[in-house]
Amino acid sequence: MIYENALELIGNTPVVKLKHLVQSENSELFVKLEGFNPGGSSKDRVAKRIIEFAEKNGQLKPNGTIVESSSGNLAIGLAMVAKMKGYKMICVVDPKISKVNLNLIKAFGAQVHMVEKADEHGNYLKTRLATAQLLERTIEGAYWPNQYNNPENPRAYMESLAREIHSDFQDTLDWIVCPVGTAGLITGVAAEMKKLSPSVKILAVDAVGSVIFGGQPGPRRLLGIGNAIVPGNLDKSLYDDVSYVNDADAFYITRQLVLQEGLLVGGSSGAAVCAALRLLDDLAEGQRVLAILPDRGDRYYSTIFSDEWMSQHDITLPTSIYKSISIN
Ligand SMILES: Cc1ncc(COP(=O)(O)O)c(C=O)c1O
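Rules of the game
Counting restarts for each chain: residues are numbered from 1 in the order of the written sequence. This being a predicted model, a pLDDT of at least 70 is required before a residue's local features are given, and a value of 80 or more before pairs of side-chain atoms are given or counted; all residues contribute to the totals for chains, interfaces and linings. Based on all heavy atoms of the structure, the side-chain values leave hydrogens and waters out of the count. Numbering of helices and strands runs from the N terminus; a helix is a DSSP stretch of H or I covering at least four residues, while a strand is a stretch of E covering at least two. For the purpose of charge, His is not counted, nor are the chain termini; Lys and Arg are scored as positive and Asp and Glu as negative. A charge is said to be at NZ when it belongs to Lys, at CZ for Arg, at CG for Asp and at CD for Glu. Domain delimitation follows an automatic or database domain assignment. Whether two residues touch is decided by their heavy atoms; if any such pair falls within 4.5 Å, the residues are in contact. The buried area of a pairing is the accessible area, by a 1.4 Å probe, that goes missing from both parts when the two are put together, added over both. Expected helix span is taken as 1.5 Å per residue step, with the number of steps being one fewer than the number of residues. To get the bend at a residue, fit one axis to the 7 residues ending there and another to the 7 starting there, then take the angle between the axes. Think of it in three bands: with a 1.4 Å probe and only protein chains considered, a residue is buried below 20% of the maximum accessible area for its type, exposed above 50%, and partly exposed in between. By convention in this text, a residue qualifies as near a molecule or strand provided that one of its non-hydrogen atoms is within 4 Å of it. As used in this structure description, the phrase polar contact means that two N or O atoms lie within 3.5 Å; if the pair is within protein, one of them must be able to donate a hydrogen and the other to accept it, and residues adjacent in sequence are counted only when both atoms belong to side chains. Calculation of accessible area relied on Shrake-Rupley with a 1.4 Å probe; when residues are assessed, cover is drawn exclusively from the protein chains displayed. Residue type decides the class: Asp, Glu, Lys and Arg count as charged, Ala, Val, Leu, Ile, Met, Phe, Trp, Tyr, Cys and Pro as nonpolar, and the leftover types, Gly among them, as polar. The salt bridge definition used is simple: a Lys or Arg side-chain nitrogen within 4 Å of an Asp or Glu carboxyl oxygen. Any two strands between which DSSP finds at least two bridges are classified as paired. In this description, a line fitted to the C-alpha atoms serves as the axis of each element, helices being fitted only across the stretch in contact, and the angle between N-to-C directions of two axes falls anywhere from 0 to 180 degrees.

Participant: What am I meant to see in the overall build of the chain here?
Facilitator: If you tally the helices and strands in the chain, you get 9 helices and 10 strands. When the backbone C-alpha atoms are referred to their principal axes, the chain occupies close to 60 × 45 × 40 Å. With 33 positive and 37 negative side-chain charges, the chain shows a separation of 5 Å between the mean positions of the two kinds.

Below is the structure:
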């Protein structure tokens, strides 16, 4: 297949059926590998959609500057799309960002603005959002997509990811498992899939320590999933259940996905598969479940895949996330 440019590589990501982590013989767990997008995550879809919408409605003009707060993946996607379309890009990031992501953002030619002030739980989101807003006000020709409250964020998933899922599975899925951060992915996928395949159920996956679904705020190391605020994109009528995953369980499954399935994915993907395995354990046999895995794992070599980093942060991997998973 020959493409005209890298932007055409966004979407149409592959789906794989897990063979080793699923214990039940009659149930099936599929994963959609969003890490196959050119910037390495599902946020490439959002970056392209948001920028093209802002161009159309005049919010973003030639030679303009895009300013966004992102823990990494949207920043990488926006930096890639901005560079290809000739815009400047400033990414507002915090000290939790991995060195790999920081270098990737710079490699795509974006500028980095590092915030320093954390809240009482060690989270930086509020400072990052305030900084992005301030930069938008003070830089001429600046545009802040504000992924948390931008309807184009869920729309990006309605028009691409959800339709890809429906074209692969039609009405045969019982559950779709979606990790939640800004809630763009779950809202877009759920809104469209519930129209196309009304019987499908949606499981939201949140991090322990996140407040999105009413949990208690607390420290967490998972990136991309969980939040210190309730995102404006969240539509509470669209999900059927919520599953909480802690850092250790998510990182354990992230590592098992490489060891047992050959899939090098990120921590929120580990959380999604962890929640999906628990769901399968609770359901009757014969279920078909699809988990969406937002990014690839190479950006986590120095964190989730590093024993030294784990012990520095007092994260002890469990021997099993639940009774029926055995470790080899
Ligand atoms: C690493 C990671 N986790 C989770 C998510 C969840 O997506 P959202 O921010 O749309 O809720 C994303 C989105 O791309 C992501 O990149």
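That shown, we press on.
Participant: Explain the domain arrangement of the chain here, please?
Facilitator: According to the domain assignment, the chain contains domain 1 (6-37 + 157-311) and domain 2 (42-143). Taking the mean C-alpha position of each, domain 1 and domain 2 sit 24 Å from one another. Listed per partner, the contact involves 30 residues of domain 1 and 25 residues of domain 2. Between domain 1 and domain 2, roughly 2300 Å² of surface is buried when both sides are summed, and carbon and sulfur atoms account for 57% of that area. For the domain 1 face of the interface with domain 2, the top three residues by lost area are Leu7, Ile10 and Arg299, together amounting to 30%.

Participant: Can you walk me through helix α5 (residues 152-169) in this structure?
Facilitator: Helical geometry: 3.6 residues make up each α-helical turn, so side chains three or four residues apart lie on a common side. Taking 1.5 Å per residue as the helical rise, α5 with its 18 residues ought to reach 26 Å, and the 25 Å between its terminal C-alpha atoms agrees with that figure. For α5, the principal kink sits at Met158 and spans about 35°. Of the residues making up α5, those classed as buried are Glu152, Asn153, Pro154, Ala156, Tyr157, Ser160, Leu161, Ala162, Glu164, Ile165 and Phe169. Backbone geometry just after α5 places Gln170 at a positive phi near 45°.

Participant: I'm lost on the environment of Pro154 in this one. Help?
Facilitator: Relative to the helices and strands, Pro154 resides in helix α5. Using a relative accessible area of 7% as the deciding quantity, one classes Pro154 as buried. Once residues within four sequence positions are removed from consideration, Pro154 is found in contact with Gly184, Thr187, Gly188 and Asn233.

Participant: Even after reading the chapter, I still don't get the site of the ligand, so can you show me in this structure?
Facilitator: Around the ligand, the structure places 18 residues, and the nearest of them are Ser42, Lys43, Asn73, Gly181 and Ser268. In this structure, Lys43 approaches the ligand through a side-chain N or O atom, which is 2.7 Å from an oxygen atom. Contact distances for the ligand include 2.6 Å between an oxygen atom and a backbone N or O atom of Gly181. Relative to its unbound accessible area of 390 Å², the ligand is 99% covered by the protein chains. Looking at the shell around the ligand residue by residue, the class counts come to 9 nonpolar, 7 polar and 2 charged. Counting only domains with at least three residues in the shell around the ligand, you end up with domain 1 (6-37 + 157-311) and domain 2 (42-143).

Participant: Is there a simple way to explain the pattern of salt bridges in this structure?
Facilitator: A pair can form between side chains of opposite charge whenever their charged atoms are brought close. As enumerated under the stated definition, the model contains 18 salt bridges in all. One salt bridge connects Glu34 with Arg45, and the closest N-O pair in it is separated by 2.7 Å. Of the two residues, Glu34 is situated in the loop between β2 (28-33) and α1 (43-56) and Arg45 in helix α1; the sequence distance between them amounts to 11 residues. Accessibility assignment for this pair places Glu34 and Arg45 in one class, buried. Linking Arg128 and Asp94 is a salt bridge whose minimum nitrogen-to-oxygen distance equals 2.8 Å. Separated by 34 residues along the polypeptide, Arg128 in helix α4 (residues 125-138) and Asp94 in the loop between β4 (88-93) and α3 (99-107) bring together distant segments of the chain. Taken individually, Arg128 and Asp94 each receive the classification buried, so the pair is uniform in this respect.

Participant: Looking at this structure, I do not really get the sheet that holds strand β8 (residues 201-207). What am I missing?
Facilitator: What holds strands together in a sheet is hydrogen bonding between their backbones, with the strands either parallel or antiparallel. The 6 strands lie next to each other as β1-β2-β10-β7-β8-β9, forming an open sheet whose pairing is mixed. Both outer strands of the open sheet, β1 (15-17) and β9 (241-245), are each paired with one neighbouring strand and no more. Geometrically, the sheet is characterised by an average inter-axis angle of 25° between neighbouring strands, direction not taken into account. Sheet strands touched by helix α6 (residues 184-196): β7 (175-179), β8 and β10 (288-293). Its angle to β7, the strand with the most contacts, is close to 160°.

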